[in-house]
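# Reading the structure
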Amino acid sequence: MNRWLRLLPVALLGLLLAALVWRLAHPEDTTIRSRLAGKPVPEFALPPAQPNQPGLASADLATGQPHLVNLFASWCVPCVAEAPVLQQLKARGVVIDGIAIRDRPEDLAAFLAARGNPFERIGADNASRVQLALGSAGVPESFVVDGRGIIRHQHVGPIEPADVPVILTQLEQAR
Amino acid sequence: MRLGLLFLSLFLTQPALADSSLPPAQWANRQLPDPRQEAKAEALMEELRCLVCQGQSIADSDAELAGDMRNLVRTRIAAGESPAAVRAWLVERYGNWISYRPPAAPIGWPLWGAPLVLLLLGVLLVRKRIRLGRQ
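Residues numbered from 1 in each chain as written. Chains lettered and ligands numbered in written order. Predicted model: local features only at pLDDT ≥ 70, side-chain atom pairs only at ≥ 80, totals over all residues.

### Here's the deal with the overall build of chain A
Helix and strand counts for chain A come out as 5 helices and 7 strands. Helices (α) and strands (β) of chain A occur, in sequence order from the N terminus, as α-β-β-β-α-β-α-β-α-β-β-α. What you see for chain A is a C-alpha radius of gyration of 22 Å, clearly larger than the 16 Å of a compact globule of 175 residues, by over 25%. If you line up chain A on its principal axes, its C-alpha atoms span 80 × 35 × 30 Å. Counting only contacts in chain A whose residues sit at least 6 apart along the sequence, the fraction spanning at least 24 positions is 76%. (Helix = DSSP H or I, 4+ residues; strand = E, 2+ residues; numbered from the N terminus. Rg over C-alpha atoms; globule rule 2.2 N^0.38 Å. Contact = placed C-beta atoms within 7 Å.)

Take a look at the structure:
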């Protein structure tokens, strides 16, 4: 009995090592997700980010049809990669609204001219207020909002071609 | 010589553009005029986690989003909101993770109990040793 007890510290050390190796092999997911999924979009009203396009308010989202709300910026590199995929979604009839995070109108205009403008409306979020209200932690991020203005799905990071079916399914379910 | 060239080539690289061109938000790096409100905001900012550099508080972080979070905290405190309400607003969106002062939830109880259990184990061990020494 006593001999086995003496082995206990070694066994504990082995257990600790196993736990550490397991964590190294399966690193923690550090993606920050919004807790607002299933809840209404918080009330907001953003001024237009472009002179020739309307701004975005929470009331514009509860229109009876699902919207894809895309948080982006001209200074965000992955947003460049995401732009053609958004065009693809728009071609498939998806209503996309933009929230431009900390952007200057002239930079944004150049970005939209070069990468295309799939947005119905673009609101200017110059102090990341609405981004924080939505529980978002970076750009690009996208939210699927249903016709009653309820957040149904959050996509963290750029929407890649492989993500299109998921986004379309989520939009279909939000109908 | 070659090393020198390599070193010099470091200065030819372009910095990665990962930040916006907008200046920091109004209250990101500016104190509130009311010192009591500023003290409240300061204390809260020390206990809120930065969303970008996840190991730092927003008081310590230079990330733009941390600046915008400080702006949010100061604006709300200046409007008369309590620090607890501001913290709750953020927890509602990001979970308890955002706060460095976690609530005493059942899942954390073993953590609080662990030092007591270890102390008790130590006392038992020492008692046994002393007894063995006397024999």
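### Structural notes on the interface of chain B and chain A
Between chain B and chain A, the residue contacts involve 18 residues of the former and 18 residues of the latter. Going through the elements one at a time, α3 (64-78) and α4 (83-94) of chain B are the ones with two or more residues in the side of chain B that touches chain A. When its residues are assigned to classes, the side of chain B that touches chain A shows 8 nonpolar, 5 polar and 5 charged. (Nonpolar A, V, L, I, M, F, W, Y, C, P; charged D, E, K, R; others polar.)

### Overview of α4 of chain B
Residue and element names in this part refer to chain B. Between its first and last C-alpha atoms α4 spans 16 Å; for 12 residues at 1.5 Å apiece the expected length is 16 Å, and the two agree. As for α4, its buried residues are in contact with α2 (35-46) and α3. Among the residues trailing α4, G95 stands out with phi positive, at a value near 85 degrees. (Expected span 1.5 Å × (residues − 1).)

### So, the nonpolar core
One broad trend across soluble globular proteins is that nonpolar side chains are buried collectively. F72, A73, I99, A100, V139 and V145 of chain A are the most contacted members of the largest nonpolar core, which has 36 residues in total. Breaking this core down by element, the ones donating at least two residues are β3 (67-72), α2 (77-91), β4 (96-101), α3 (105-115), β5 (119-125), α4 (129-134), β6 (141-145) and α5 (164-173) of chain A. If sequence neighbours within four positions are ignored, I99 of chain A has contacts with L46, L56, V69, L71, G123, D125 and V130 of chain A. Core analysis: the second largest hydrophobic core is formed by 20 residues, L132 of chain A together with A66, L72 and V86 of chain B among them. (Core = buried A, V, L, I, M, F, W, Y, C linked by C-beta atoms within 7 Å. Buried ≥ 20, exposed ≤ 12 C-beta atoms within 10 Å, placed from the backbone.)

### Quick word on the packing of α2 of chain B against α4 of chain B
All names here are of chain B. Where α2 meets α4, the closest approach of the two axes is 10 Å, and the angle between their N-to-C directions is 35 degrees. Two packed elements cross with a definite hand, and for α2 against α4 that hand is right-handed. Counted together, K40, A43 and L44 of α2 and P83, V86 and R87 of α4 form the full contact between these two elements. Here the contact of α2 with α4 is composed, by residue class, of 4 nonpolar, no polar and 2 charged. (Axes fitted to C-alpha atoms, helices over the stretch in contact; angles between N-to-C directions. Left-handed = near helix turned anticlockwise from the far one by under 90°.)

### As for the pairing of β5 of chain A
Residues and elements named next belong to chain A. Of all 7 residues in β5, 6 are buried; the element is thus mostly enclosed. In the sheet, β4 pairs with β5 via 5 bridges, with the strands oriented parallel. Of the residues in β5, the one forming a bridge with G98 is I122. On the question of chirality, the crossover connecting β4 to the parallel β5 by way of α3 is right-handed. (Pairing = 2+ DSSP bridges. Right-handed = clockwise from strand over helix to strand, strands pointing away.)

### Describing the environment of V139 of chain A
In this fold, V139 of chain A is placed in the loop between α4 and β6. We classify V139 of chain A as buried; it has 26 C-beta atoms within 10 Å.

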